[in-house]
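Results of the structural survey
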Amino acid sequence: MTTIKKLLVIEDEQAILKFLRSSLEDAGWELLEATTARLGLDLAAKQKPSVILLDLGLPDQDGLETLKTLRQWTSAPIIIISARGQERDKIKGLDTGADDYLTKPFGIPELMARLRVVTRRAEQRLEDAPPLYEHKGLKVDLVGRRVWLKKREIHLSPLQYDLLAILVRNAGRVVSQKQLMKEVWGEDRAVTPESLRIFVYQLRHKIESDPVRPKCLKTEAGVGYRLEAGDD
């Protein structure tokens, strides 16, 4: 018996959707269709697709921003499908977190080959971080990019949120200082461990009931930081 896998297509061109629908369903894929970024993010969170096909030219949000949001909480393979075929667009998409890039127009045999490659890779990955994290009164919605402490919504700066999101995706595991600095600020920014400590200090004062005795965001001396695993 063939296992049916979910394929989320975030694409607003009906002709492309029809083309994919008729071909991929015959190949054993269950297609989920979204014509906007907002609907695509909602489906990705609720349905947990095996693979996501993402167009860059969406009506409500640039596809790269959608990709960045998806990568805050899912490790599902993402293949960009776009008419933007210049090398710089491909590099930007891959650097943002895409697993592959297909330039329109493309054929089904090529798409099927790319799907086989990314699904094989995905079998070796860790399970997704849950879109919703909760622990000791702290609640983080990675899809909506919202944070609450004891049911009161709190505001984080973009960098503070990016730092927290990385820790949520790795909840229960130590994340090294080097990895945090690279993922939050990028390799081109000169950020020191001391700067990171200041950001962690500021973040604790927003997400901890008692920042002096943190229950969520712990320090692993000389190594990095760990966000406690979420509540069962």
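Relevant structure appears above.
Figured I'd write up the structure that's included with this text.

Thresholds, definitions, all that
- Residues numbered from 1 in each chain as written.
- Predicted model: local features only at pLDDT ≥ 70, side-chain atom pairs only at ≥ 80, totals over all residues.
- Heavy atoms only, no water.
- Helix = DSSP H or I, 4+ residues; strand = E, 2+ residues; numbered from the N terminus.
- Buried < 20%, exposed > 50% of the residue type's maximum accessible area, 1.4 Å probe, protein only.
- Contact = heavy atoms within 4.5 Å.
- Axes fitted to C-alpha atoms, helices over the stretch in contact; angles between N-to-C directions.
- Parallel < 35°, antiparallel > 145°, perpendicular 65-115°, else oblique.
- Nonpolar A, V, L, I, M, F, W, Y, C, P; charged D, E, K, R; others polar.
- Pairing = 2+ DSSP bridges.
- Salt bridge = Lys/Arg side-chain N within 4 Å of Asp/Glu carboxyl O.
- Core = buried A, V, L, I, M, F, W, Y, C linked by side-chain atoms within 4.5 Å.

1. A short note on unusual backbone geometry
- With an omega of -10°, the peptide bond between Lys 104 and Pro 105 qualifies as cis.
- The backbone phi angle of Lys 48 is positive, close to 50°, even though this residue is not glycine.
- Inspection of the secondary structure assignment puts Lys 48 in the loop between helix H2 (37-47) and strand S3 (51-54).
- Lys 48 gets classed as exposed once you look at its relative accessible area, which sits at 51%.

2. Examining H2
- The complete set of buried residues in H2 reads Ala 37, Gly 40, Leu 41, Leu 43, Ala 44 and Ala 45.
- Turning to H2, the residues buried within the fold contact strand S1 (5-10), strand S2 (29-34), S3 and helix H3 (63-70).
- Of the residues one or two after H2, Lys 48 is the one with positive phi, at around 50°.

3. Topic: the packing of helix H6 (residues 158-169) against helix H8 (residues 193-207)
- In contact at an axis separation of 10 Å, H6 and H8 are set at 90° when each is read in the N-to-C sense. Overall, the two elements H6 and H8 adopt an arrangement that is roughly perpendicular. Each of Leu 159, Gln 160, Leu 163 and Leu 164 in H6 lies in contact with H8, whose residues at this interface are Leu 196, Phe 199, Val 200, Gln 202, Leu 203, Lys 206 and Ile 207.
- Each residue belonging to the contact of H6 with H8 can be placed in one class, and the counts come to eight nonpolar, two polar and one charged.

4. With respect to the sheet that holds S3
- Read from one edge of the open sheet, five strands run S2-S1-S3-S4-S5, paired in parallel fashion. Since the sheet does not close on itself, it has two edges, and those belong to S2 and strand S5 (100-103), each with one partner. The mean angle between the axes of side-by-side strands here comes to 20°, regardless of whether they run parallel or antiparallel.
- Across three bridges, S3 lies against strand S4 (residues 78-82) in parallel orientation. Opposite Leu 53, over in S4, you have Ile 79 as the bridge partner.

5. So, the sheet that holds strand S7 (residues 138-141)
- Taken together, the four strands give an open sheet; going across it, the order is S6-S7-S8-S9, and neighbouring strands pair in antiparallel fashion. Looking along the sheet, the strands with just one partner apiece sit at the ends: strand S6 (132-135) and strand S9 (152-154). Taking the axes of each pair of neighbouring strands and ignoring which way they run, one obtains an average angle of 20° across the sheet.
- Pairing geometry for strand S8 (residues 146-149) and S9, over three bridges, is antiparallel. Residue pairing across strands places Leu 149 opposite Arg 152, the latter belonging to S9.
- Running over the sheet, H6 touches S6, S7 and S8 and is turned about 95° from S7.

6. Side note on the pattern of salt bridges
- Scanning the model with the defined rule gives 17 salt bridges in all.
- A salt bridge links Arg 145 to Asp 162; the nearest nitrogen and oxygen atoms lie 3.9 Å apart. With Arg 145 in the loop between S7 and S8 and Asp 162 in helix H6, this pair connects stretches of sequence that are 17 residues apart.
- For Arg 145, a relative accessible area of 36% gives the class partly exposed.
- The closest approach of N and O atoms between Glu 228 and Lys 218, which form a salt bridge, is 3.1 Å.

7. Quick notes on the nonpolar core
- Core analysis: the biggest nonpolar cluster contains 51 residues, and Leu 163 and Leu 164 have the highest contact counts within it.
- Beyond its immediate sequence surroundings of up to four residues, Leu 164 is in contact with Val 140, Val 147, Leu 156, Leu 203, Ile 207 and Leu 227.

8. Re the environment of Ala 76
- Along the chain, the position of Ala 76 falls in the loop between H3 and S4.
- Separated by 14 residues in sequence, Ala 76 and Asp 62 place their C-alpha atoms 19 Å apart.

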